[in-house]
Amino acid sequence: MKKIYVLRHSKSSWIDLSLGDFHRPLNSRGQTDGSMMSVYLSTRIDMIDFLHCSSSVRTYETSKYFIERTKFIDIQYDESLYHSSSSEIINNIKCYDEQYNSAMIIAHNPGLTNLINEISDISLDNLPTTGLVEINFNCTKWSDISIDNSTVVDIKFPKQLK
């Protein structure tokens, strides 16, 4: 079985308008939600094989909350995940090393919302910031993941934990 955890980055700050989109850090709500959601996930699991994270400042800062509480065998920060489409994300996933059975993807909308809608039987209007979706795939190869072998195990948004 293969498993992915899809996480949208935490809420970012717009205070410094001189910063480009890629360089925006988390705001205070993003910091609170990142910590809260990483605690939530750590109560359910203690290890994920692979963290694949956009290299933007807000995704990097979000990842640090999860790295503090969950063990990752490998971590990759990847500029190609910055505003990637769902099809680009799916292509990335299908090329993951087969030694990994679980992976967390931290990236951006609309790619993540569209990804969830394309590879699972749920329909989300919007994956909110720091929203987390856990999906199991009844297959042994990443290249075989599809909507036909997926099961959504958990969906959790920060507002549900407040």
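Since the model is a prediction, treat every value here as computed from it, not as a measurement.

Our next topic: the nonpolar core. With 25 residues, the main nonpolar core has I4, I93, I105, L112, L115, L127 and W142 as its most contacted residues. Where this core is concerned, the elements lending two or more residues are β1 (2-8), α3 (86-94), β4 (102-107), α4 (111-119) and β5 (132-137). If one sorts the elements of this core by residue count, α4 sits on top with four residues. What I93 contacts, discounting residues up to four positions off in sequence, is I4, I105, L115, W142 and I145. Core analysis: the next-biggest nonpolar cluster, separate from the first, contains 16 residues, I48, C53, I106 and L132 among them.

Quick look at the packing of α3 against α4 now. It is at 8 Å that the axes of α3 and α4 come closest, and there the two elements cross at 65°. As far as their axial angle goes, α4 and α3 are roughly perpendicular. Every pair of crossing elements has a handedness; the one defined by α3 and α4 is right-handed. Across the interface between the two elements, S86, I89, I90 and I93 of α3 pack against G111, L112, N114, L115, E118 and I119 of α4.

This next bit is on the pattern of salt bridges. One pass over the structure, following the stated rule, counts nine salt bridges. For K3, the salt bridge identified is with E134, shortest N-O distance 2.6 Å. One end of the pair, K3, is in strand β1; the other, E134, is in strand β5, and 131 residues separate them in sequence. Judged by relative accessible area, K3 falls into the buried class, the value being 18%. Two residues, R44 and D154, come together in a salt bridge whose shortest N-O distance is 3.5 Å. Taken together, the residues R44 in the loop between α1 (28-42) and β2 (47-54) and D154 in strand β6 (residues 150-156) connect sequence positions 110 residues apart. Counted as one network, the salt bridges with shared partners bring together K3, R44, E134 and D154.

What counts and how
- Residues numbered from 1 in each chain as written.
- Predicted model: local features only at pLDDT ≥ 70, side-chain atom pairs only at ≥ 80, totals over all residues.
- Heavy atoms only, no water.
- Core = buried A, V, L, I, M, F, W, Y, C linked by side-chain atoms within 4.5 Å.
- Buried < 20%, exposed > 50% of the residue type's maximum accessible area, 1.4 Å probe, protein only.
- Helix = DSSP H or I, 4+ residues; strand = E, 2+ residues; numbered from the N terminus.
- Contact = heavy atoms within 4.5 Å.
- Axes fitted to C-alpha atoms, helices over the stretch in contact; angles between N-to-C directions.
- Parallel < 35°, antiparallel > 145°, perpendicular 65-115°, else oblique.
- Left-handed = near helix turned anticlockwise from the far one by under 90°.
- Salt bridge = Lys/Arg side-chain N within 4 Å of Asp/Glu carboxyl O.

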